[in-house]
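# Geometric and topological summary
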Amino acid sequence: MTRSRFAFRPFADLPIKRKIMAIIMGTTATALLVAGVSLIISEAVLLEGDLEQDLRALSRIVADNSTAALAFDDARAAGETLSALRAREYMSAACIYRADGSVLATYARAGLSRECPPAGDERFVYRGGQVTVARPIALQGRRIGMLVLLYDVGRISERLQIYGVTVLAVLLGTTLVALVLSSRFSLLIAGPLIQLAKTATSVSESRDFSIRATKLSNDELGVLVEEFNGMLARVQATNNELIQALREREEALHQAQTARDSLRTTLTSIGDAVVATDAEGRVVFVNPVAQALLGLAEQQCTGRHLDEVFHIVNEFTRAAVESPVAKVLREGAIVGLANHTVLIAADGTEIPIDDSGAPIRGKEGAIEGTVLVFRDVSDRRRAQETSRLLAAIVETSEDAIITQDLAGLVTSWNRGAERIFGYTAGEIIGRSIAMLAVPGRNYEMPEVVERIRQGDRIAQYQTMRRRKDGELIHVSVSVSPLHDAHGELAGVSKIARDVTDQVRAAERLALLNADLQRSNERLARSNEDLERFAFVASHDLQEPLRMITVYSQLLVKEHASALNAEGATFVGNMVAGARRMRELLTDLLAYAEIGASSTEPAHQVDLNKVLNTVLENLKAAIEDSGATIEAGSLPPVRGYEGHFIPLFQNLVSNAIKYRGEQPPRIRIWIRSQNGQPQFAVADNGIGIDPQYHEKIFMAFTRLHGKKIPGTGIGLAICQRVVQRYGGRIWVESQPGQGATFLFTLPAGHA
Amino acid sequence: MKGGPVGSEAVSRKVNILLIEDNPGDVELLRLALRQARIDFELTVIDDGGAAMAFVGSPQTTRFHLAIVDLNLPKNDGIEILGGMRRSDTFATVPVVVFTSSASPRDRARMEAFHIARYLSKPNDLEEYLAIGSSIREVLEETGTSEISQEA
């Protein structure tokens, strides 16, 4: 059915190419068909005419030839005559009738048993593909019989068929040729049209009006393409104009919106208070700053008259001040408020303000409203106060406070500067600060400015300046950068203090200190030398002394017989002297060693253990003297055990040595005096006269001569140990009442 | 006191002692102490640190049974000499007695490393000095020196 529908698709729907082809084909085929049919018809008519003529002629000949036979009723002759018709291929049968209508002779074509056709009156009849020709046979004007011929017209049909086939073949051939040619030729017309159609489709689909059809010929189609392109160009131009117009309109709308928004945002975010009114003075807009200053919310202001929300008075007279809006509406000009206007906010707060009002004019210049702008000037007031205060401080400062620009020209000069440098402000402002420089040190000030320029801050550097009267003074100067409103370095400020007196005092002090330092060094050196000497001497002197001692003993032992009593006494004295000297040297060495610096680090020393060692060392003396020793618990100290053993050993052995009548009773403990721990070693011995309380600590000092043995170095060693640890040692005693030796070891040691 | 008569079986064999000491007084007293302790000895004395270093650094034909070293010597001190002895083939195994006037504990501690036989302080008393001989005899006995003369 699809096929049939396709076949019946209206011609109008066919593509142009097909249409053109169909037209060409139709035309060609019709022309050929008409020609062919005409040819066949004419041929058929001609053939029929020829046949009739021929058959008439033939029938006359046969009839004439048969006349005799008929007349004589000779059937054989008549049959021979008829058989001559064999030459005619399409002659199917023939009969000769007698006058009575009986058959005289017949002829039938071989293979055919056709009966003789009846002799009718009609002379020439086509019937059923046969032509029947009847001819009377006459003799002397009298009819004697009839000849009937039956002729098969197949010959004609055959010829016509050949014609028809030929015409059909030609028709088919030409149609094929026409098909090919039309297919080619149709492109000539349809091509540009198709291209045009494609272009149009592409334009309508892509909405791209810049597409153009290609002109392929100069005929009407070319014109059509040109027109089409022209139309497209006009459409494109129009379209572009439309788009542009649309865009401009959108842009304008957007700008208008932005402008409105930005205007509102600006007014809303502006730092000043802004209030707008209509021509009657009623509030139509109030920005947040204004709301804050007025102490009212937006809805509390909008619609109300300005005078109801904006109350201002004169700061000093307290008189109400006319709102600038009233004045603007009356005078139509911009007005500023008088100074010293105070706004009284809704909650009664008073705020000093500056303000101004201006008319809002419409397009025709008529006043449509007013705008009032005001700002809180409290900060500015305070800043002014501060700067007045600062100016006063600067002016009354004892120090010189100076500012200069980057070229070194003085820009301000306070009274302190006048006093210190001798120049008045009038004399120096505008002139170079280099006037103050000490000759030969002019490089200094530009250097300072350069350092400031690089971001340094210079605090308290000491230098010298020259006063107006030429005197050189010492000053201590701090330099800071000064920036202009844009933050650019514009100059420097300097604060200078006259420190001449201090500098001179410091110089004297430094000289004294240097002297002192030198003396100290000398002293320390000689002290060190002495100690080294004492150490080396006491050490090296031991050797020869040992020789003297041992050889004196050897002399007595080996050569006693050679000595008399006096000689023996002399040698004995020698030995005693040498022994005494050895004791002295040993103690001296111990004394010197305490002063020597130690290579080992200090460590925790258990003084209880030290005391046990000491009591063990003095065991013999303790037992001999019957001494009782009572020792409290002693704290640990930081230091060297080798220092604390001689300290305690000397104190305890002294307590035993300088005993009274009673056996020694020795007490060792810690007592606290003014919060400071004091080590105490107390005895019940002979005591010490207060006049010797200091002297006893000096080396080689002895109070008791030979009666009590000793080197006089013991207490000196004690003092040296205590002093080495930064402590102090002293004695509390009265003769006959025992003695208490006390010493401290500062915190960190004790 | 003279050394006692020499035992017949030890006539030709004496204790060889190397004494490094610069004080002639001490050398004399040591001889006395050794005789007192009845030691039949042959003493080689060197009184200078440099010479001592050279001596212990060179091969010796004599086999020493003991070395007595003073710590305070001119040129090279006792520590160096002890080091030299420990490096020497001849003296590495010879027992050493340090004989010094130094009572310093540090000196004594430094000696420990050398595994010395005795650390003796020079006495300040004759009797103590003579007792040194017994100490040295003890050392010789401890180290198995058979050449010590028998007591008479």
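Bear in mind the structure is a predicted one, so any value in this text is a computation, not a measurement.

## Describing the sheet that holds strand β15 (residues 458-466) of chain A
Residue and element names in this part refer to chain A. Judged by pairing direction, the sheet is antiparallel, and its 5 strands sit side by side in the order β14-β13-β17-β16-β15 without closing on themselves. Of all strands in the sheet, those with a lone pairing partner are β14 (410-413) and β15, marking the two edges. Taken pair by pair, the neighbouring strands of this sheet meet at an average axis angle of 30°, ignoring direction. Direction of pairing for strand β13 (residues 400-405) relative to strand β17 (residues 489-498): antiparallel, over a ladder of 6 bridges. Looking at β17, one finds that A400 is bridged to A496.

## Some remarks on the nonpolar core
All names here are of chain A. One finds L607, F644, L647, F648, F741 and F743 to be the most contacted residues of the largest nonpolar core, which totals 40 residues. Elements with a contribution of two residues or more to this core: α16 (607-617), α18 (641-657), β21 (665-673), β22 (676-682), α19 (714-724), β23 (729-733) and β24 (739-743). Per element, the largest residue contribution to this core is 8 residues, and it comes from α18.

## Considerations on empty space enclosed by the protein
Residues and elements named next belong to chain A. The full count for this structure, using the stated rule, is 2 cavities of 30 Å³ or more. Here the largest cavity defines a volume of roughly 60 Å³. The wall of the largest cavity is formed by I402, F421, I433, L436, M445, R465, V477, K494 and A496. Its residues assigned to classes, the lining of the largest cavity comprises 7 nonpolar, no polar and 2 charged.

## Let's talk about the interface of chain A and chain B
Taken residue by residue, the interface counts 13 residues in chain A and 19 residues in chain B. Approximately 1300 Å² of surface area, both sides summed, lies buried where chain A meets chain B, with 51% of it carried by carbon and sulfur atoms. By the criterion of area lost to chain B, the three top residues of chain A are R546, V550 and K557 of chain A, representing 35% of everything that side buries. There are 2 salt bridges connecting chain A and chain B. The shortest N-O distance in the salt bridge between D26 of chain B and R546 of chain A comes to 3.0 Å. Among the elements that take part in the side of chain A that touches chain B, helix α14 (residues 500-559) of chain A stands out by supplying 11 residues, more than any other. Along the lines of polarity and charge, the residues of the side of chain A that touches chain B split into 4 nonpolar, 4 polar and 5 charged.

## Things to note about the pairing of β14 of chain A
Of the pairings in the sheet, the one linking β13 of chain A to β14 of chain A comprises 3 bridges and is antiparallel in character. Looking at β14 of chain A, one finds that I402 of chain A is bridged to W413 of chain A.

## Describing the packing of aromatic side chains
Evaluated as defined, the whole model comprises 10 aromatic pairs over all chains. Relative to F64 of chain B, the ring of F55 of chain B lies with its centre 5.9 Å away and its plane at 75°, an arrangement referred to as edge-to-face. By relative accessible area, F55 of chain B is classed as buried at 18%. Plain terms: the ring middles of F55 of chain B and F91 of chain B are 5.9 Å apart, the flat faces sit at 50° to each other, and that makes the pair tilted. With a gap of 36 residues between them, F55 of chain B in helix α2 (residues 49-57) and F91 of chain B in the loop between α3 (78-87) and β4 (96-100) connect regions that are remote in the sequence. Pair check on accessibility: F55 of chain B and F91 of chain B agree, each one buried. Joined through ring pairs, the aromatic side chains of F648, F679 and F743 of chain A make up one cluster. Looking at R667 of chain A, its charged tip hangs above the ring of W669 of chain A, at a distance of 3.9 Å from the centre. Against the face of W730 of chain A rests R728 of chain A, its NZ or CZ located 3.9 Å from the ring centre.

Thresholds applied
Residues numbered from 1 in each chain as written. Chains lettered and ligands numbered in written order. Predicted model: local features only at pLDDT ≥ 70, side-chain atom pairs only at ≥ 80, totals over all residues. Heavy atoms only, no water. Pairing = 2+ DSSP bridges. Helix = DSSP H or I, 4+ residues; strand = E, 2+ residues; numbered from the N terminus. Axes fitted to C-alpha atoms, helices over the stretch in contact; angles between N-to-C directions. Core = buried A, V, L, I, M, F, W, Y, C linked by side-chain atoms within 4.5 Å. Buried < 20%, exposed > 50% of the residue type's maximum accessible area, 1.4 Å probe, protein only. 1 Å grid on protein atoms, 1.4 Å probe; cavity = no way out; pocket = protein on both sides within 12 Å on 5 of 7 lines; lining within 4 Å. Points joined across faces, edges and corners; volume = space filled by probe spheres on them. Nonpolar A, V, L, I, M, F, W, Y, C, P; charged D, E, K, R; others polar. Contact = heavy atoms within 4.5 Å. Buried area = accessible area lost by both parts, 1.4 Å probe. Salt bridge = Lys/Arg side-chain N within 4 Å of Asp/Glu carboxyl O. Phe/Tyr/Trp six-rings, centres within 6.5 Å; stacked < 30°, edge-to-face > 60°. Lys NZ or Arg CZ within 6 Å of the ring centre and 35° of its normal.

Function cannot be read off these values alone, since they describe shape.
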